[in-house]
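Secondary and tertiary structure notes
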Amino acid sequence: MKTYYFIFSKTDLLLQRLPDGKYTIPCTEETPVKTHAWTHIMEVSPMENGTLVKTMMLEDPQHVEIIDPELRASGFDFIGLRASFYHLSTELYLKAGKCQELLYWDHNTQFCGVCGAPMKMHTIISKRCTQCGKEVWPQLATAIIVLIHRGDEVLLVHAKNFKGDFYGLVAGFVETGETLEQAVHREVMEETGLTINNLRYFGSQPWPYPCGLMVGFNADYVEGEVHLQRSELSRGSWFRYDALPRIPQRLSIARMILDDWLKGYGIVSEQE
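My aim in this report is to walk through the structure given alongside it, one point at a time. These numbers were taken from a predicted model, which means no experiment stands behind them. (Residues numbered from 1 in each chain as written. Predicted model: local features only at pLDDT ≥ 70, side-chain atom pairs only at ≥ 80, totals over all residues. Heavy atoms only, no water.)

**Brief notes about the overall build of the protein chain**
We count it as follows: Numbered from the N terminus, helices here are DSSP runs of H or I no shorter than four residues, and strands are runs of E no shorter than two. Note on classification: 1.4 Å probe, protein chains only; a residue is buried when its accessible area is under 20% of the maximum for its type, exposed when over 50%, partly exposed between these limits. Computed by Shrake-Rupley with a 1.4 Å probe, the accessible areas treat only the displayed protein chains as cover when residues are assessed. When charges are counted, Lys and Arg contribute as positive and Asp and Glu as negative, whereas His and the chain ends are disregarded. Throughout, a charge is located at the NZ atom of Lys, the CZ atom of Arg, the CG atom of Asp or the CD atom of Glu.
Each helix and strand counted, the protein chain has five helices and 16 strands in total. Based on the C-alpha atoms only, the size of the protein chain along its principal axes is roughly 60 × 55 × 35 Å. By the burial criterion, 42% of the 272 residues in the protein chain qualify as buried. Accessible surface computed for the protein chain: about 14,800 Å², of which carbon and sulfur atoms make up 51%. Where the 26 positive side-chain charges of the protein chain centre and where its 34 negative ones centre are 3 Å apart.

And the structure:
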């Protein structure tokens, strides 16, 4: 039976070239690359149409041996997971993200956190300690992200950990014991010193970098001057809808919220 093989090397994903120049995930009856005795091939929940899915991590993309004739003939490339968003269907990209998260979880749960004994796969999404029987499942780091409105302006910030020069939205991790709404108010106050109200849920997005869930909101400005938390943010300001700086890429929920806001002014951003 044909199976999609999501093959990673660190955060790069093996993509198969198609005749029209586009890409897909290798879908073969046998493992398309040479593996070793220690290679952990993980089973993953199938695609919506029932096609089976497996994933694995390879050490060095420079020494990958392709054993599937079709893949060898069509050609392949290792492309970063983020960049694969622009080359794969939404369904394949989301599945690739899930595979990356499972591989990250597998790597970080090799030994029991209680007794230190080796962990062994119990189901396709859980492990059990070989000594004390403790079970573990993949865990998500939940974060909120919020677009703050002030008339025809929005607050955009540049976090110190951003690799590019784009501006994004206020965001932060949800702490133990607080609601999503409490996390939004706390993060906005901590990072900008602003008071907000009228929170509106926008949507959520899995964020496999490495294992997050982003929960998006809109909110209205109430009062306060922008005082940036310099340990987290390097720049931040109010921007009119027709004078935005460089904004996040289309793969992120930050961009989805911004694009939704811009539609209210009849604007479709041409930024990638």
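Moving on from the model shown.
**What about the pairing of strand β11 (residues 141-150)?**
Under the convention used in this document: Paired strands, in this sense, are two strands between which DSSP finds at least two bridges.
With seven of ten residues buried, β11 lies mostly within the body of the structure. Judged from the nine bridges that link them, β11 and strand β15 (residues 212-223) form a sheet pairing that is parallel. Bridge assignment links Leu-147 to a residue of β15, and that residue is Asn-218. Sheet analysis places β11 next to strand β13 (residues 170-173), joined by four bridges and oriented antiparallel.

**Describing the nonpolar core**
Quick reminder of the rule: We define the nonpolar core as a collection of buried residues of types Ala, Val, Leu, Ile, Met, Phe, Trp, Tyr and Cys that are connected through side-chain atoms lying within 4.5 Å of one another. Contacts were defined at the residue level, with two residues in contact if any of their heavy atoms lie within 4.5 Å.
In terms of nonpolar packing, the biggest core is built from 44 residues, with Phe-6, Phe-8, Leu-13, Ile-25, Leu-156, Leu-169 and Leu-258 touching the most fellow members. Examining the composition of this core, we find that seven residues originate from one element, helix α3 (residues 90-107), more than from any other. With sequence-adjacent residues up to four places away left out, Leu-169 is seen in contact with Ile-145, Val-146, Leu-147, Leu-155, Leu-156, Val-157, Ala-254, Ile-257 and Leu-258. Listed in part, the 18 residues of the second largest apolar core include Leu-155, Val-188, Val-215 and Leu-233.

**Side note on the packing of aromatic side chains**
Stated formally: Here a pair means two rings of Phe, Tyr or Trp (six-membered ring of Trp) with centres within 6.5 Å. Their orientation is stacked below 30 degrees between planes, edge-to-face above 60, and tilted elsewhere.
Under the counting rule described, the total for this entry stands at ten aromatic pairs. Both rings, one in Tyr-4 and one in Phe-6, keep their centres 6.3 Å apart while their planes meet at 50 degrees; by these two values the pair is tilted. Residues Tyr-4 and Phe-6 agree in their burial class; the two are buried. With 4.7 Å between their ring centres and 65 degrees between their planes, Trp-207 and Tyr-209 make a pair best called edge-to-face. The class of Tyr-209 is partly exposed, set by a relative accessible area of 22%. Taken together, the ring pairs in this structure connect Phe-85, Tyr-86 and Tyr-93 into an aromatic cluster.

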